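Close look at the chain arrangement
The residues making up each chain are set out below.
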Amino acid sequence: MQTIYRRLLALMPRIGVQVTDLAPGTAVVARRGRPYRATRAGKDTWVLRRTRDGERPAVVEGEAVRLGDTDALLLMEAPGRRDERKLQLAAAEYLCTQHVTAMLELYGVNCVFDVGANTGQYAKRLRKLGYTGRIVSFEPTSETFARLEKAAADDPAWQVYQYGLGREETTAEIHVGWKTMNSLLSASDYGKGRYSRFTKADTEEIRVRRLADVMDEALEGLDEPRPFLKMDTQGYDLEVFAGGGERIAQFVGMQSEVAVLKLYDGSPGMGEAVATYEGAGFGITGIYPVTREATTGRVIEFDCVLMRADAAPTP
């Protein structure tokens, strides 16, 4: 059953009000002559935010921040109501997804390898941003894979496989119950101190395959494959990468979560990971913080996007 908030948003276009749904519970609505507006955004624009089910949505006062010399405006709540750290991470996530989508288009990517897919968040985000090519997702744990399979069921260009990827063909025990942070590696002392979920000791046996061995099936039917490799395997990305062997050269670009502060024992540091990717012919096009320490501001992990310059289209 739709909430009053959602029903109101659906009705607004019928009375000439434009609605842009930003996120769960937040939307921007615009109509000439209305009294609610964000400072410097113009008299026709204001921010509408849900309160609680059954209550009237609230109008939030704020300001509009111009982004450089572009035509873009960032609508912001009043400074006293903002959490600057959350804002920075949300902005980084937005910029990262926009950048990846732009690179997929620029390089003509027609197949995204989504390694460490979890329940399909990455793939769904690509679809929302306009990517229509093939997506091949890998998620080894049974409970999470069931949700991934359901998410991809109505998308014929989205394939899903229930196994992990690594350096060699094998079976392995993966830690489960860590939500989006399930890993083949044990948590480090630093990780245990940061996340209470790492105290759980449940494991599940999974199949692990080599990236090079699954590529033919994943790319079948594409006349001129131009694949992109996304890895988010909680400290295991270099093992996935190693399993690509010489076929890594076929990827026109990649994305990897690289760690500055290690959450998992045996995981590579950012310097080692980036050096390996650059040694294989990839160059950095963007780096975006994923998580920070609240007390110190130090970045824990970055999303690193890299592309092959020699694979870029000829001007």
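Residues numbered from 1 in each chain as written. Predicted model: local features only at pLDDT ≥ 70, side-chain atom pairs only at ≥ 80, totals over all residues. Heavy atoms only, no water.

1. Examining the sheet that holds strand S11 (residues 170-175)
Cut-off, in case you're wondering: Only strands joined by at least two bridges in the DSSP assignment are considered to pair. Helix numbers and strand numbers start at the N terminus; a helix is a DSSP run of H or I with at least 4 residues, a strand a run of E with at least 2. Lines fitted to the C-alpha atoms define the axes, with helices restricted to the stretch that makes contact. Angles between their N-to-C directions range from 0 to 180 degrees. Contacts are assigned to residue pairs that have any heavy atoms within 4.5 Å of one another.
Within the open sheet, the three strands sit side by side as S10-S12-S11. Their pairing is mixed. Of all strands in the sheet, those bounded by a partner on one side alone are strand S10 (164-166) and S11. With direction set aside, neighbouring strand axes in the sheet form an average angle of 50 degrees. Sheet topology places S11 next to strand S12 (residues 203-210); six bridges connect them, and they run antiparallel. Following the sheet pairing, His175 is matched in S12 by Thr203. Where helix H6 (residues 211-219) meets the sheet, it contacts S10 and S12, and its direction lies at approximately 75 degrees from that of S12.

2. Examining the layout of surface pockets
The line we're drawing: Only protein atoms enter the calculation, which uses a 1 Å grid: trapped sets of points that fit a 1.4 Å probe without letting it out are cavities, open sets showing protein on both sides within 12 Å along at least five of seven lines are pockets, and any residue with an atom within 4 Å of a point is a lining residue. Grid points are joined across faces, edges and corners, and a volume is the space filled by probe spheres set on the points. When residue character is reported, Ala, Val, Leu, Ile, Met, Phe, Trp, Tyr, Cys and Pro are called nonpolar, Asp, Glu, Lys and Arg charged, and the others, Gly included, polar.
Space inside the second largest pocket adds up to approximately 1100 Å³. For the lining of the second largest pocket, the secondary-structure elements that each account for two or more residues are helix H2 (84-106), helix H3 (121-128), S10, strand S13 (227-231), strand S14 (253-259), strand S15 (283-292) and strand S16 (299-307). A per-element tally of the lining of the second largest pocket places H2 first, with eight residues. Residue composition of the lining of the second largest pocket, grouped by class: 24 nonpolar, 14 polar and eleven charged.

3. Remarks on H2
What counts here: In this scheme, a helix's expected span is set at 1.5 Å multiplied by one less than its residue total.
The first and last C-alpha atoms of H2 sit 32 Å apart over 23 residues, in line with the 33 Å expected at 1.5 Å per residue. Looking at the buried side of H2, the elements it contacts are strand S7 (111-115), H3, S13, S14, S15 and S16. Positive backbone phi, at 65 degrees, marks Gly108, one or two positions downstream of H2.

4. Brief notes about the packing of aromatic side chains
Our working rule: Aromatic rings from Phe, Tyr and Trp, taking only the six-membered ring of Trp, are treated as a pair when their centres fall within 6.5 Å; an angle between ring planes under 30 degrees marks them as stacked, one over 60 as edge-to-face, and anything in between as tilted. Under the scheme applied here, a residue whose accessible area is under 20% of the maximum for its type counts as buried, over 50% as exposed, and between as partly exposed, the area being computed with a 1.4 Å probe on protein chains only.
Within this structure, the stated rule accounts for ten aromatic pairs. With a centroid separation of 5.2 Å and an interplanar angle of 80 degrees, the aromatic rings of Phe113 and Phe251 are classed as edge-to-face. Taken as a pair, Phe113 in strand S7 and Phe251 in the loop between helix H7 (237-242) and S14 lie far apart in primary sequence, 138 residues in all. Their ring planes at 65 degrees and their centres at 6.2 Å tell us that Phe241 and Phe282 sit as a pair that is edge-to-face. Here the residue Phe241 occupies a position in helix H7, and Phe282 occupies one in the loop between helix H8 (270-279) and S15, the gap between them amounting to 41 residues. Residue class for Phe241 comes out buried when judged on its relative accessible area of 7%. By relative accessible area, which is 4% here, Phe282 ends up buried. Members of the aromatic cluster, each reached through a chain of ring pairs, are Phe113, Phe138, Tyr161, Tyr163 and Phe251.

Keep in mind these numbers describe shape, not what the thing actually does.
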